[in-house]
Amino acid sequence: MSALETTGGMPLLVTHSGKFHCDEVFAYATLRLALALRTPGEDHKLVRTRKPEPIAAADIVWDVGTTFDVARQRFDHHQRGAPTREDGTPFSSAGLVWQVYGEHAVARLLKVSDSERFAPAIAAELDRKLVRRIDEVDNGVSMTGPLVDDTLSLASLVGDFNPPWDDPASEGPTAGDAAFLEATAFVEGVLRRRVEGLRARHAADARVLAAHQAGEDPRILVLERGMPWKGAVFAHDLPVLFAVSPASNGNWMVDTMPPEPGSFAQRQPLPEDWAGLQDAELAERSGVADAVFVHVRRFVGAARSRDGAVEMARRALPAA
């Protein structure tokens, strides 16, 4: 039985009062998305408390209550014997809630674009790259390397929503409640944009594969519109050296392929004698009449036409 069916009315959601952290804010944003909840007091009740009575009466409880029990919709991680990931990383309430509701939250975000088929993959990637990090920061541990105090991390940015000690909003039984909702809106915006970016990347992968299969030379990827392509090349081990695609200014770009993700090197840079040249000088040196420029670092160039950019890529291929 879902939490929405247990009360006969608006579901009661409970987390702890006082200063909030990224994990319970992220968990609440996930629950709202997954359960299609929007405004406390209109379609659900939100109570921030440490009192046992409302905790016991709640439909869903997270980050408080010293109990983890999915069947009872309890998602705390502070008690002895709290669950951990397979590698021993302790869960925070964000990770615990995400395991149950994350894919549902992602699927609802993807519904508007009819892209729910990507929900399992996107939810799993977000768990690896985002939710796990929230777990690590909240518990003060990391299985992948030392924790760094990054003031631009999601945890730090969420923490900034807490009212300072000398603000009247930090006192009293509802201290921080309004700020908690502001932080939730911020996190939900981050999550929405991250899901949309991953959706676009997954959608691009299919187009990249189709374009590569249709190409004349497997080392040159020609795309009829700009889109993320390097991830698909790495994922499918394609022998791409250059990608050709249109730019917003009307030119056609020639991008080089790095040897590994995150690298600033190139599998095959553009020719050294093209480096830093533009227009007529580049056209003469390259033999491509409408060549526009080649960056001095030789990782990108452009021509005025699709055919010109493809020809630049062909002439930049390594000699047989």
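First things first, this report covers the structure right here in the doc. (Residues numbered from 1 in each chain as written. Predicted model: local features only at pLDDT ≥ 70, side-chain atom pairs only at ≥ 80, totals over all residues. Heavy atoms only, no water.)

What follows covers helix H3 (residues 93-111). The terminal C-alpha atoms of H3 lie 26 Å apart, and with 19 residues this matches the ideal 27 Å at 1.5 Å per residue to within 8%. At Tyr-101, H3 shows its largest kink, close to 60 degrees. Along H3, the residues that are buried comprise Ser-93, Ala-94, Gly-95, Leu-96, Val-97, Trp-98, Tyr-101, Gly-102, Ala-105, Val-106, Leu-109 and Leu-110. (Helix = DSSP H or I, 4+ residues; strand = E, 2+ residues; numbered from the N terminus. Expected span 1.5 Å × (residues − 1). Bend = angle between axes of the 7 residues up to and from the residue. Buried < 20%, exposed > 50% of the residue type's maximum accessible area, 1.4 Å probe, protein only.)

In this section: the pairing of strand E1 (residues 12-15). Of the two faces of E1, the one carrying Leu-12 and Val-14 and the one carrying Leu-13 and Thr-15 are both buried. As defined by bridge partners, E1 adjoins strand E2 (residues 45-48) across 4 bridges and the pair is classed as parallel. Its bridge partner being in E2, Thr-15 is matched across the sheet by Arg-48. In this fold, E1 hands off to helix H1 (residues 22-34), which returns the chain to E2; that crossover is right-handed. With 2 bridges connecting them, E1 and strand E3 (residues 60-62) associate as parallel partners. (Pairing = 2+ DSSP bridges. Right-handed = clockwise from strand over helix to strand, strands pointing away.)

Structurally, the position occupied by Thr-184 is in helix H6 (residues 177-214). In terms of polar contacts, Thr-184 uses its side chain to reach the backbone carbonyl oxygen of Phe-180, at 2.9 Å. In this view, Thr-184 contacts Val-25, Tyr-28, Ala-29 and Arg-32; residues no more than four positions away in its chain are not counted. (Polar contact = N/O pair within 3.5 Å; in protein donor to acceptor, adjacent residues only side chain to side chain. Contact = heavy atoms within 4.5 Å.)

Attention shifts here to the sheet that holds strand E6 (residues 220-222). The pairing of strands in a sheet happens through backbone hydrogen bonds and is either parallel or antiparallel. Spatially, E6-E7-E8-E10-E9 is the arrangement adopted by the 5 strands of the open sheet, whose pairing is mixed. Only two strands of the sheet have a single neighbouring strand rather than two, namely E6 and strand E9 (291-294). Neighbour-to-neighbour, the strand axes of this sheet turn through a mean angle of 20 degrees, independent of strand direction. In terms of strand pairing, strand E8 (residues 252-256) meets strand E10 (residues 300-303) through 4 bridges, oriented antiparallel. If you follow Met-253 over to E10, its bridge partner there is Ala-302. (Axes fitted to C-alpha atoms, helices over the stretch in contact; angles between N-to-C directions.)

The next thing to look at is the pairing of E10. Within a regular beta strand, the side chains point alternately toward one face of the sheet and then the other, so they alternate between its two faces. What you see with E10 is no split at all: Val-300 and Ala-302 on one side and Gly-301 and Ala-303 on the other are buried throughout. Direction of pairing for E9 relative to E10: antiparallel, over a ladder of 3 bridges. Residue Phe-293 lies in a different strand from E10, and its bridge partner there is Ala-302. Between E9 and E10, which follow one another and run antiparallel, lie 5 residues, and Arg-298 among them has a positive phi close to 70 degrees.

Among the nonpolar cores identified, the biggest contains 44 residues, and Phe-26, Trp-62, Val-106 and Leu-126 are the most heavily contacted of them. If we skip the residues at most four places from it in the chain, Leu-126 touches Trp-98, Val-106, Val-131, Leu-191, Arg-194, Val-195 and Leu-198. (Core = buried A, V, L, I, M, F, W, Y, C linked by side-chain atoms within 4.5 Å.)

Let us look at the pattern of salt bridges. All told, the structure shown has 19 salt bridges when counted by the stated rule. Between Glu-188 and Arg-32 there is a salt bridge, with its nearest N and O atoms 3.4 Å apart. Of the two residues, Glu-188 sits in helix H6 while Arg-32 sits in helix H1, which places them 156 residues apart along the sequence. Neither residue differs from the other here; Glu-188 and Arg-32 are each classed as buried. We note a salt bridge from Asp-127 to Arg-85, for which the minimum N-O separation is 2.9 Å. With Asp-127 in helix H4 (residues 119-139) and Arg-85 in the loop between strand E5 (74-75) and H3, this residue pair connects regions lying 42 residues apart in the sequence. Its relative accessible area of 12% is what places Asp-127 among the buried residues. Taking relative accessible area as the criterion, Arg-85 reaches 12% and is therefore assigned buried. Linked by salt bridges that have partners in common, Arg-32, Arg-38, Glu-188 and Arg-192 make up one network. (Salt bridge = Lys/Arg side-chain N within 4 Å of Asp/Glu carboxyl O.)

Here the focus is the sheet that holds E1. Spatially, E2-E1-E3-E5-E4 is the arrangement adopted by the 5 strands of the open sheet, whose pairing is mixed. A single partner strand is all that each edge strand has here, and the edge strands are E2 and strand E4 (68-69).

Below, the discussion takes up the packing of H1 against H3. Closest axis-to-axis distance for the H1/H3 pair is 8 Å, and the angle between their directions is 35 degrees. The way H1 lies across H3 gives a crossing that is left-handed. Where H1 abuts H3, its residues Asp-23, Glu-24, Phe-26, Ala-27, Thr-30, Leu-31, Leu-33 and Ala-34 lie against Ser-93, Ala-94, Val-97, Trp-98, Tyr-101, Gly-102, His-104, Ala-105, Arg-108 and Leu-109. When grouped by side-chain class, the residues that make up the contact of H1 with H3 number 11 nonpolar, 4 polar and 3 charged. (Left-handed = near helix turned anticlockwise from the far one by under 90°. Nonpolar A, V, L, I, M, F, W, Y, C, P; charged D, E, K, R; others polar.)

For the pair H1 and H6, the least separation of the axes is 9 Å and the interaxial angle reads 65 degrees. Here H1 lies roughly perpendicular to H6, going by the angle between them. Where H1 crosses over H6, the handedness of that crossing is right-handed. Seen from H1, the contacting residues are Glu-24, Val-25, Phe-26, Tyr-28, Ala-29, Thr-30, Arg-32 and Leu-33; seen from H6, they are Phe-180, Leu-181, Ala-183, Thr-184, Val-187, Glu-188, Leu-191 and Arg-192. Among the residues making up the contact of H1 with H6, the classes are represented as 10 nonpolar, 2 polar and 4 charged. (Parallel < 35°, antiparallel > 145°, perpendicular 65-115°, else oblique.)

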